[in-house]
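Structural overview
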Amino acid sequence: MAMLTRHWKKRTPMQTGQILAELRKARRLSQLELALRADVSSRHLSFIETGRSQPSPTMLKRLALEMELNCRDTNRLLLAAGYAPAFTEADLSSDNMAPVREALTVMLSNHNPFPAVVLDAHWNVLMANEAQQRLVGLMIQERGPFAQTANVIELVFHPQGYRPFLCNWDEVAGFLLRRLHRDQQARPDPALAALLDRLAALANLDELLHQQPSTDRNEPMMTLEIELAGQRLRSFSTLASFGTALDVVMEELRIEHYFPADEATRRWFRNQIQ
């Protein structure tokens, strides 16, 4: 027990209040709005944020619920006040996550012959199905080894990654960059900030952020257009997550499935994996 409580060392009420205020402002909530949602007085909420009052774990959980915090931020708020975290944070390779790994394996396998990957909160590829591995293998065969990164967005931007194969790179890169910025604004994250710094070394981010989206599209989704081995492949993707997750890592997992956007692409992938 002593080893556990060491991680829950009490901080000052001021530190707890600063984190609460940071999370509230990131969600564009005023003190009054949050107080009304949580059914507490705005005076009491102000006292918590300024460090004049030490909130109970029940109060912090209520505020986290009303701010719709994810598992990681809820734990962060509780730990800042010296309380036990509300949610576990198990590594995907741990025994406790074996059922999750099995479920992910089934989802990835069932999506063959089309690509699918499992991503963490920072867009790093954790698992990939046979179709995705085959696709990357053909790219490496055509242009040489990929850059040493598992980050899918970094590979989109990197000249030794997906970038040389993407016919509509500007559109795809701009779309992903805007999504990253929204994520970073909603929940500031040092790892996402570091990723943006790495992308800035690979492309002009300001230009991509402010480019006008294509107006000649007549499709309901953005397609990825890849030129590989003399074949134009057109696909679109969907992101799924575990909606009932009660673990930090599990809640942040995302499964990205790629679907063919035309019959020629469908046939090509089916021919790659018989």
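Now for a quick tour of the structure. The shown structure was predicted, so the numbers you read here are calculated from the model rather than taken from an experiment.

Helix and strand counts for the chain stand at 14 helices and 5 strands. Here the C-alpha coordinates of the chain stretch approximately 65 × 45 × 30 Å along the principal axes. Burial status across the chain gives 43% buried among its 274 residues. Considering only residue pairs separated by 6 or more positions, the chain has 59% of its internal contacts joining residues 24 or more positions apart. Counting every atom, the chain has about 14,900 Å² of accessible surface; 52% of that belongs to carbon and sulfur. Here the chain holds 31 positive side-chain charges and 32 negative ones, and the gap between their average locations is 6 Å.

Counting residues in hydrophobic clusters, the biggest one holds 37 residues, and the most contacted among them are Phe157 and Tyr162. Take this core: its biggest share by element is 6 residues, from helix H10 (residues 169–186). In this structure, phenylalanine 157 is in contact with Arg163, Trp169, Ala173, Leu177, Leu199, Leu202, Ala203, Leu205 and Leu208, ignoring residues within four places of it in sequence. Counting residues in hydrophobic clusters, the runner-up holds 21 residues, among them Leu34, Ala38, Ala64 and Leu78.

Further remarks concern the packing of aromatic side chains. Using the criterion set out here, one finds 5 aromatic pairs in the structure. With a centroid separation of 5.0 Å and 85 degrees between ring planes, the pair formed by tryptophan 268 and phenylalanine 269 is classed as edge-to-face. You can call tryptophan 268 buried: its relative accessible area is 12%. The buried category is assigned to phenylalanine 269, whose relative accessible area is 6%.

Before going further, it helps to spend a moment on helix H5 (residues 57–66). For H5, every residue scored as buried is listed here: Met59, Leu60, Leu63 and Ala64. Buried residues along H5 cover an arc of 135 degrees about the axis, so they all sit on one side. Opposite the packed face of H5, turned more than 90 degrees from it, sit the exposed residues Thr58 and Leu65. Backbone geometry just after H5 places glutamate 68 at a positive phi near 60 degrees.

On the basis of which strands lie adjacent, the open sheet formed by 5 strands has the order S2-S1-S5-S4-S3 and antiparallel pairing. Either end of the sheet is taken by a strand with one partner, and the two such strands are strand S2 (125–128) and strand S3 (224–228). Taken pair by pair, the neighbouring strands of this sheet meet at an average axis angle of 30 degrees, ignoring direction. Pairing geometry for strand S1 (residues 116–119) and strand S5 (residues 254–260), over 4 bridges, is antiparallel. In the strand pairing of S5, valine 117 is matched with glutamate 256.

One way to put it is that H5 packs onto helix H6 (residues 71–80) with a least axis distance of 10 Å and a crossing angle of 150 degrees. With respect to H6, the element H5 is oriented roughly antiparallel. Classified by chirality, the crossing of H6 by H5 is right-handed. Across the interface between the two elements, Pro57, Leu60, Lys61 and Ala64 from H5 touch Thr74, Leu77 and Leu78 from H6. Of the residues belonging to the contact of H5 with H6, the class tally is 5 nonpolar, 1 polar and 1 charged.

Moving on, we come to the pattern of salt bridges. Applying the stated rule across the entire model yields 11 salt bridges. Close ionic contact of glutamate 225 with arginine 234 constitutes a salt bridge, the shortest N to O distance being 3.8 Å. Residue class for arginine 234 comes out buried when judged on its relative accessible area of 17%. Linked by salt bridges that have partners in common, Glu225, Glu227, Arg232, Arg234 and Asp262 make up one network.

Pairing analysis gives 5 bridges linking S3 to strand S4 (residues 231–240), with the strands arranged antiparallel. Counted as the bridge partner of isoleucine 226 is leucine 233 from S4. Taking the residues between adjacent antiparallel strands as the criterion, S3 and S4 are bridged by 2 residues, where alanine 229 takes a positive phi near 55 degrees. Of the strand pairs in this sheet, S4 and S5 are connected by 6 bridges, and their pairing is antiparallel. Following the sheet pairing, phenylalanine 236 is matched in S5 by phenylalanine 259.

Our focus in this paragraph is helix H8 (residues 130–143). In this model, H8 (14 residues) spans 20 Å end to end at C-alpha, consistent with the 20 Å of a helix rising 1.5 Å per residue. Where H8 is concerned, the buried positions are Ala131, Gln132, Leu135, Val136, Leu138 and Met139. The buried side chains of H8 occupy one side of the element, clustering within an arc of 155 degrees when seen end-on. Structural note: H8 exposes Gln133 and Gln141 on the side pointing more than 90 degrees away from its buried face. For H8, the elements touching its buried residues are S1, S2, S3, S4 and helix H14 (263–272). Looking one or two residues beyond H8, the residue adopting positive phi is glycine 144, at roughly 100 degrees.

Parameters and conventions
- Residues numbered from 1 in each chain as written.
- Predicted model: local features only at pLDDT ≥ 70, side-chain atom pairs only at ≥ 80, totals over all residues.
- Heavy atoms only, no water.
- Helix = DSSP H or I, 4+ residues; strand = E, 2+ residues; numbered from the N terminus.
- Buried < 20%, exposed > 50% of the residue type's maximum accessible area, 1.4 Å probe, protein only.
- Contact = heavy atoms within 4.5 Å.
- Areas by Shrake-Rupley, 256 points an atom, 1.4 Å probe, with all protein chains shown as cover.
- Lys, Arg positive; Asp, Glu negative; His and termini not counted.
- Charge placed at Lys NZ, Arg CZ, Asp CG, Glu CD.
- Core = buried A, V, L, I, M, F, W, Y, C linked by side-chain atoms within 4.5 Å.
- Phe/Tyr/Trp six-rings, centres within 6.5 Å; stacked < 30°, edge-to-face > 60°.
- Arc of directions from axis to C-beta.
- Pairing = 2+ DSSP bridges.
- Axes fitted to C-alpha atoms, helices over the stretch in contact; angles between N-to-C directions.
- Parallel < 35°, antiparallel > 145°, perpendicular 65-115°, else oblique.
- Left-handed = near helix turned anticlockwise from the far one by under 90°.
- Nonpolar A, V, L, I, M, F, W, Y, C, P; charged D, E, K, R; others polar.
- Salt bridge = Lys/Arg side-chain N within 4 Å of Asp/Glu carboxyl O.
- Expected span 1.5 Å × (residues − 1).

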